[in-house]
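Chain by chain, the residues:
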Amino acid sequence: MLKYRMITGCSFGAVILAVLFLMPAWTHLILLVAIYALCESEFAGIVKRGGYGVSARASSFCGVLFLVATALETPVFASYWKAWGYPAGANGFGWIIKPSVWVMYFTPAVLITCAVLHRKTDRAMEGFALGCVGFWYVAVLLGFLVRIAFEWPTRLGGCSGVNYTGRLMLLAFVCIVKFSDIGAYAIGTAFGRHKLIPSVSPNKTVEGLVGGYVFSLAVSMLLWTAARFFGGGCLGDVRFTIADAVALPIVLTTAGVMGDLAESLMKRSMSVKDSGKKFPGMGGILDIMDSLLFAAPFMYVYIIVFMK
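These numbers were taken from a predicted model, which means no experiment stands behind them.

Colleague: Any details on the overall build of the protein? Residues and values, ideally.
Modeller: Scanning the protein from terminus to terminus reveals 10 helices and four strands. The secondary structure elements of the protein, listed N-terminal to C-terminal, are α-α-α-α-α-α-α-β-β-α-β-β-α-α. Counting across all 308 residues of the protein, residues that qualify as buried make up 47%. Partitioning the intrachain contacts of the protein with sequence separation of at least 6 by distance along the chain shows that 74% fall at a separation of at least 24. Summed over its atoms, the accessible surface of the protein is roughly 15300 Å², and 71% of this surface lies on carbon and sulfur atoms.

In structure tokens, the structure reads:
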């Protein structure tokens, strides 16, 4: 199990690193949309195995539309338009009401309309509610990863522009959260004795939680050391202080654990063990992304309030 988990984790990480630092910024949106499509598909599968139905196509359409709209509001895509000769305000494109907000407003209406057109009343409202939950759980939370990636404009302009700040912040976020997961799994497996919330997740232990904090703090301190020696104390254009290196692991590990427990609660309520079997040793994409999804809003708010 551990062998397959390590192989899958290293492969997944290599793909993320290659896209982050070898591909232009707009390809990051394609990667995030692809991740969303897999997550939404798995969520619909979990709901279906639980005996409910959701409008997967409608929910997926709204989710993709939301992610694209969110990206269009960011400085990276605003800088593309400026490079191509189109005006764009400091607040994205300068729209009074952002497109992502409109998508959030209209998604429930789209889903209830699909439920009506489906012409089946059996568990129709449960399916509608679960469709809204899927949209918020996957698309809206994943939208914060889009914001982290594209919060800083490109320096060179055009599709060849570089926004290393967004890439570095996204890398730091993923490293802190996933090393927390690794620490929780390793320490919990080796020394776990006291169950955290066994009714929700029987395998989570207090010792594993402590291991998650220790591992995430360790990798955060390594990032801080690297920022001092190679970036003058910065990750791109953002100051990364010792206070940030201590605070972020605490905030992100706590949020990540809640995300893991939330997915466990969802799966257990549907009598499902894993969200999928696409990734040997880890299960499905939701099993990989659960901690990242919950931690992403906290990372974005922390960056905007304390670091930017």
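Anyway, onward from the coordinates.
Colleague: Go over the side chain of Thr 205, please, and point to the residues and values.
Modeller: Relative to the helices and strands, Thr 205 is located in strand E2 (residues 201-205). Within the structure, Thr 205 has its side chain in polar contact with the backbone nitrogen of Gly 208 (distance 3.0 Å). Setting aside residues no more than four positions away along its own chain, Thr 205 makes contact with Gly 188, Gly 192, Arg 193, His 194, Lys 195 and Leu 196.

Colleague: Which residues make up the environment of Val 174, and what are the values?
Modeller: Note on placement: Val 174 falls in helix H7 (residues 164-191). Taking the relative accessible area as the measure of exposure, Val 174 reaches 24% and is therefore partly exposed. Separated by 121 residues in the primary sequence, Val 174 and Ala 295 place their C-alpha atoms 9.6 Å from one another. Those residues in contact with Val 174 that sit more than four places away from it in its chain are Phe 179 and Leu 292.

Colleague: Now, about the pairing of E2: what can you tell me, with residues and values included?
Modeller: The pairing of strand E1 (residues 195-197) with E2 spans two bridges and is antiparallel. In the sheet register, Lys 195 faces E2, and the bridge partner there is Thr 205. Hairpin remark: E1 followed by E2, antiparallel, with three residues in the connecting loop.

Colleague: Could you give an account of the nonpolar core, with specific residues and numbers?
Modeller: Counting residues in hydrophobic clusters, the biggest one holds 67 residues, and the most contacted among them are Phe 150, Met 169, Phe 173, Phe 240 and Met 289. Setting aside anything within four residues of it in sequence, one finds Phe 173 in contact with Leu 145, Leu 252, Leu 292, Ala 295, Ala 296 and Met 299.

Colleague: Describe helix H6 (residues 124-150), listing the residues and the values that go with them.
Modeller: The end-to-end C-alpha separation of H6 is 38 Å, in line with the 39 Å expected for 27 residues at 1.5 Å each. H6 sits mainly inside the fold: 20 of its 27 residues count as buried.

Colleague: Give a detailed account of the confidence of the model for the protein, specifying residues and quantitative values.
Modeller: Atom-level detail of predicted coordinates should not be read off regions where pLDDT is low. The share of residues in the protein with pLDDT of 70 or more is 84%, and the mean pLDDT across the chain is 84. The spread of mean pLDDT over the elements of the protein runs between helix H4 (residues 75-83), the lowest at 67, and helix H8 (residues 206-230), the highest at 95. Low pLDDT, under 50, characterises residues 156-161; the predicted model gives this stretch 12 contacts beyond four residues in sequence or across chains.

Colleague: Hey, could you go over the packing of aromatic side chains for me, with residue numbers and the actual values?
Modeller: Applying the stated criterion across every chain, the model contains eight aromatic pairs. For the ring pair Phe 144 and Tyr 300, a centre distance of 5.9 Å and an interplane angle of 55° mean the geometry is tilted. Here Phe 144, found in helix H6, pairs with Tyr 300, found in helix H10 (residues 285-307); they are 156 residues apart in sequence, far enough to count as distant. What makes Phe 144 partly exposed here is its relative accessible area of 22%. What links up through ring pairs into an aromatic cluster is the set Phe 43, Tyr 137 and Phe 294.

Colleague: Residue-level account of the pattern of salt bridges, with values.
Modeller: Overall, the coordinates contain five salt bridges when judged by the stated rule. Of the charged contacts, one joins Lys 204 and Asp 260 as a salt bridge, the two residues approaching to 3.3 Å between their closest N and O atoms. On the criterion of sequence distance, the pair formed by Lys 204 in strand E2 and Asp 260 in helix H9 (residues 242-269) is long-range, its members being 56 residues apart. In this structure Lys 204 comes out as partly exposed when scored by relative accessible area, which is 23%. Look at Asp 260 and you get buried, because its relative accessible area is 17%. For Lys 267, the salt bridge goes to Glu 263, with nearest N and O atoms at 3.7 Å. In this pair, Lys 267 and Glu 263 are both assigned in helix H9, four residues apart and thus about one turn of the helix distant. The class of Lys 267 is buried, set by a relative accessible area of 8%. Residues participating in the shared-partner salt-bridge network are Glu 263, Lys 267 and Asp 287.

Reading the values: the criteria
Residues numbered from 1 in each chain as written. Predicted model: local features only at pLDDT ≥ 70, side-chain atom pairs only at ≥ 80, totals over all residues. Heavy atoms only, no water. Helix = DSSP H or I, 4+ residues; strand = E, 2+ residues; numbered from the N terminus. Buried < 20%, exposed > 50% of the residue type's maximum accessible area, 1.4 Å probe, protein only. Contact = heavy atoms within 4.5 Å. Areas by Shrake-Rupley, 256 points an atom, 1.4 Å probe, with all protein chains shown as cover. Polar contact = N/O pair within 3.5 Å; in protein donor to acceptor, adjacent residues only side chain to side chain. Pairing = 2+ DSSP bridges. Core = buried A, V, L, I, M, F, W, Y, C linked by side-chain atoms within 4.5 Å. Expected span 1.5 Å × (residues − 1). pLDDT = per-residue confidence, 0-100. Phe/Tyr/Trp six-rings, centres within 6.5 Å; stacked < 30°, edge-to-face > 60°. Salt bridge = Lys/Arg side-chain N within 4 Å of Asp/Glu carboxyl O.

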